[in-house]
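# Summary of structural features
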Amino acid sequence: MSLSRADRQLVTLLRGCALLAAAIVLLILLFLVKESWPVLRHVALTRFVSDASWHPMDGLYKLTPMLSATLYSTLGAVLLATPLGIASALFSRYYAPSLLAGCYRRLIELLAGIPSVVYGFWGLITLVPLIGRLHPPGVSLLTGILVLTLMILPTVALTVDAALAAVPIAYLRGAAALGLSRWGLISGVALPAARSGIIAGIMLAAGRAIGETMAVLMVAGNVVQQPLGLFDSVRTLTSNIALEMAYATGDHRAALFVSGLALMSTLLVVVGTAELLSREPQHD
Amino acid sequence: MKKLGIVVALIVLIGAVWGFLRTKPDDTKIEKLVLTGSSTVAPLAAEIGKRFESLHNNVRVDVQTGGSSRGVSDARAGLADIGMASRALKDDEKDLLSFTVALDGISIILNKANPVEVLNKQQIIDIYAGKIISWKEVGGNDAPITVVNKAEGRSTLELFLHYFGLKNTDIKPQVVIGDNQQGIKTVVGNPDAIGYVSVGTAEYEAGQGAAIKLLPLEGIAASVENVRSRSFPLSRPLNLVTRAEPVGIAKDFIEFASSTQVNDLIEAQYFVPIPR
Amino acid sequence: MTKNSLATGLIWLAAILVSGVFFWLLSDILIHGLPHLSWSFLAEAPRNAGRSGGIGSIIVSTVLILAVAMVTAAPLSLATAVLLSEFTRYDSVFGRLVRSSLDVLAGVPSIVFGLFGNAFFCIYLDLGFSILSGGLTLACMVLPILIRTAEEGLQATPNDYRLAAAALGMSRSAALVHLLLPTAIPALVAGLMLGIGRAVAETAALIFTSGYVDRMPDSLFDSGRALSVHIYDLSMNVAGGDASAFSSALVLILLLLIINSIAMGLAKHWLHRGVVTA
């Protein structure tokens, strides 16, 4: 399809804008490398996996328990938030009467804007004692997952809601004409049609979960140990940076940036794999 | 649509012009003093700054946070006029100057519902090292002790370790916290927890009805009064740090902050003024 | 038949569970925050480290930071989304590169954004601790959200529209402005709501960029404390700040309601062309 001259100019402009996003990622990576350099110069990368523990004041830099904590908490939160978020979207699109649906959507939009510190604070004074009665001390991987789920649920709900809104009404009418039940219509037509939107929502939510700093810090316990059970106290890589950055100097500070790099590398691997595995969406 | 577009463009243009025009209005007349560093000292420094501004025309005191280490490095690099640090200067920072403006004691706290009233030094060491794991062993309930420790590098932790002769690698905590408030809320929510936080904050919260109690250390009650009289052994200094001998408004500010004129501000933040 | 009823039941259950938890949270904020709320609270400047006085200057700073962020991010995001959806093949190298970068950007921790923003905007570009630095850093953070949702919205518009427009001899840009964007409004609005929410909720990134100063800002180059930073300081740093923290959180929610309504209204007004859905 050939483009008119106006269109060609548009494309050049748009390409510039798009490359900006990639440029920012590159800048952030460079920044992390620059700040990590002081410690990477004389501490081998393998030591970040093989050292006995994370005690940077004593020169020990084991990152792996925190990496596991990050991965487990993100996975747990995404597993919980995805069905709940999709259900929320389905609720406001297909099940609720329109006034209720509007209110519900409003509620979710509000919750997208509540600061992480409020979620964390609330989690600390309400959730932690509750879970503590179940299994002391109350701060745990589970609490972290629960708070994270709350935080990323609006992302999933709103993106899936928008994706469902974009399903051509012809599909839905056709399905109704064929006599499909409401659930049949949803599971057979609407959800598959909205598939790429749903995936986008999950990716954004996962990103938010991985990058969450403040809330998890208050409810997950922050003990550096490999999470072996849901009730173990854990520390994520981001909480680690937030906890120790204020007082860290020299090698300690640089080591914190290394953990930031570790996180970015994990992200790159995960995103890269997801991108390679994804297929072209269905244009009708 | 075109009309709306023009209106919007005008608004944006006006906004941008306003923004740029207001940038550096009277650069020569307004003197700015920038402090960065410890978030513990920051609220105090901000309040002192406001009072300082009211006494000196055309002076603006901007306080930013970022942590004690940032305060020290910014002071050294000249990115800030004065750095704030909630700890004493380390050996490799001795090329800088520090001025102590207040003290902050450290108190061990237990949940109010815990029947244990006093712990001696060895018991505390054993609890934190993981050798005593149940409250029963020190005269309390038959419940596992939840040890709350501070994150590494923090001056409160350093002082705690130093006083009790422990190394951080010895401690086996169940919960690690960052700020004082997090520590207090953790102990409030857990009847079997033990932790340590700022004396002033703990005293205030306990006075407000929070479910904590402060443990005496070696027979001396943990109170702001005792920190002030130096009879309470565990405390840390709150410092203002400069690269070189301070001059101009930096000098005035530091003198002001070290004077008795700000004692009420220091006490309002639940720190301890230094006897002058 | 039973599958349908089961599905209906489960979905209602999920909605009740979700709204229940959220109401629990909101009611806690209301109960603790309402007593302290008053007109003077909204208008005055903070006193006594925020424990008395109000949050007037903080509200202004927050709105300014948000404005900078959205004014920077929204056009950029729309442009990128349009490019990705309309002018790039889905599996082209360029498209995949940009999309992957966005997904990575979405996962960068907020504190890393804060430290990066500080190093890049405050120090390297010499903007200092300022509303501008904070807004620009936030713009970087919300880019992935805005772009991804907008792109999804555009992707989902029926291809018939594009073909019909081409058949009529419309240029791609004309088809875009008059047909595709208006149809994609729900997605664009959803992205906007999410982006605004994320920007208002962000704490760690702003502490290092727009800063801690709670004075009324004179210009975009002044440091200004955002509501989320204020809430953080009051609840975690200042003894006795809890009451004000809750009230500030309540004000934030009200502010968000207002901003969301305005943003939604504006978006629908600008992009809606009275398109008749087929």
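A brief look at the structure comes next. (Residues numbered from 1 in each chain as written. Chains lettered and ligands numbered in written order. Predicted model: local features only at pLDDT ≥ 70, side-chain atom pairs only at ≥ 80, totals over all residues. Heavy atoms only, no water.)

If you tally the helices and strands in chain C, you get 12 helices and two strands. Secondary structure elements in chain C, listed N-terminal to C-terminal, are α-α-β-β-α-α-α-α-α-α-α-α-α-α. Out of the 278 residues belonging to chain C, those deemed buried represent 65%. Within chain C, contacts between residues separated by at least 24 positions form 74% of all contacts whose residues are at least 6 apart in sequence. (Helix = DSSP H or I, 4+ residues; strand = E, 2+ residues; numbered from the N terminus. Buried < 20%, exposed > 50% of the residue type's maximum accessible area, 1.4 Å probe, protein only. Contact = heavy atoms within 4.5 Å.)

Let's shift gears to the overall build of chain B. Each helix and strand counted, chain B has 10 helices and 10 strands in total. By residue count, 57% of the 276 residues in chain B fall in the buried class. Expressed as a percentage of contacts within chain B between residues at least 6 apart in sequence, the contacts between residues at least 24 apart total 71%. Accessible surface for chain B amounts to roughly 11,800 Å². Of this, 56% is attributable to carbon and sulfur atoms. (Areas by Shrake-Rupley, 256 points an atom, 1.4 Å probe, with all protein chains shown as cover.)

Below, the discussion takes up the side chain of Arg 154 of chain B. Along the chain, Arg 154 of chain B turns up in the loop between β5 (146-150) and α5 (155-164). The exposure class assigned to Arg 154 of chain B is buried, which follows from its relative accessible area of 9%. If we skip the residues at most four places from it in the chain, Arg 154 of chain B touches Ala 242, Leu 243 and Tyr 247 of chain A together with Gly 178 and Asp 179 of chain B.

Turning to a nonpolar patch on the surface, a few remarks are in order. A cluster of nonpolar side chains, Leu 254, Leu 257, Ile 258, Ile 262, Leu 266 and Trp 270 of chain C, forms an exposed patch at the surface whose accessible area comes to about 520 Å². One can find Trp 270 of chain C in helix α12 (residues 242-271). (Patch = residues over 30% accessible without salt bridge, like charges linked within 9 Å, V, L, I, M, F, W, Y side chains within 5 Å. Salt bridge = Lys/Arg side-chain N within 4 Å of Asp/Glu carboxyl O.)

If you look at the interface, chain A gives 93 residues, while chain C gives 91 residues. The junction of chain A with chain C conceals about 8,200 Å² of combined surface from both sides, 79% of it contributed by carbon and sulfur atoms. Interface area lost by chain A to chain C is led by Leu 110, Trp 122 and Glu 275 of chain A, which between them contribute 8%. On inspection of chain A and its partner chain C, the count reaches zero salt bridges. For the interface between chain A and chain C, the tally reads six residue pairs in polar contact (both at pLDDT 80 or more). Sorting elements by how many residues they give to the side of chain A that touches chain C places helix α1 (residues 5-40) of chain A first, with 17 residues. (Buried area = accessible area lost by both parts, 1.4 Å probe. Polar contact = N/O pair within 3.5 Å; in protein donor to acceptor, adjacent residues only side chain to side chain.)

Below, the discussion takes up the packing of helix α3 (residues 64-95) of chain A against helix α1 (residues 2-33) of chain C. Axis separation between α3 of chain A and α1 of chain C bottoms out at 9 Å; the angle between their running directions is 110°. Relative to α1 of chain C, the element α3 of chain A lies roughly perpendicular. Each of Leu 84, Ala 87, Ser 88, Leu 90, Phe 91 and Tyr 95 of chain A in α3 of chain A lies in contact with α1 of chain C, whose residues at this interface are Ala 7, Thr 8, Ile 11, Trp 12, Ala 14, Ala 15, Leu 17 and Val 18 of chain C. Tallied by class, residues from the contact of α3 of chain A with α1 of chain C come to 12 nonpolar, two polar and no charged. (Axes fitted to C-alpha atoms, helices over the stretch in contact; angles between N-to-C directions. Parallel < 35°, antiparallel > 145°, perpendicular 65-115°, else oblique. Nonpolar A, V, L, I, M, F, W, Y, C, P; charged D, E, K, R; others polar.)

Here we come to the interface of chain B and chain C. Chain B puts 35 residues into the contact, and the matching count from chain C is 32 residues. Here chain B meets chain C over a buried area of about 2,900 Å², counting both sides, of which 53% is carbon and sulfur. Inspection of the chain B/chain C interface yields six salt bridges. At the junction of chain B and chain C, the tally comes to 15 residue pairs in polar contact (both at pLDDT 80 or more).

Bringing the packing of helix α4 (residues 98-111) of chain A against α1 of chain C into the picture now. Where α4 of chain A contacts α1 of chain C, the two axes come as close as 11 Å, and the packing angle between them is 50°. Our classification of the angle between α4 of chain A and α1 of chain C gives oblique. Viewed along their axes, α4 of chain A and α1 of chain C form a crossing whose handedness is left-handed. The segment α4 of chain A lies against α1 of chain C, with Leu 100, Tyr 104, Leu 107, Ile 108 and Leu 111 of chain A engaging Trp 12, Ala 15, Val 18, Ser 19, Phe 22, Phe 23, Leu 25 and Leu 26 of chain C. (Left-handed = near helix turned anticlockwise from the far one by under 90°.)

To continue, consider the pairing of β5 of chain B. All names here are of chain B. Counting buried positions along β5 yields five of five residues, so the element is predominantly enclosed. Of the two faces of β5, both are covered, the one formed by Thr 146, Val 148 and Lys 150 as well as the one formed by Val 147 and Asn 149. In this structure, β5 lies alongside strand β7 (residues 193-198), joined through two bridges in parallel fashion. Within β7, the residue paired with Thr 146 across the bridge is Ala 193. (Pairing = 2+ DSSP bridges.)

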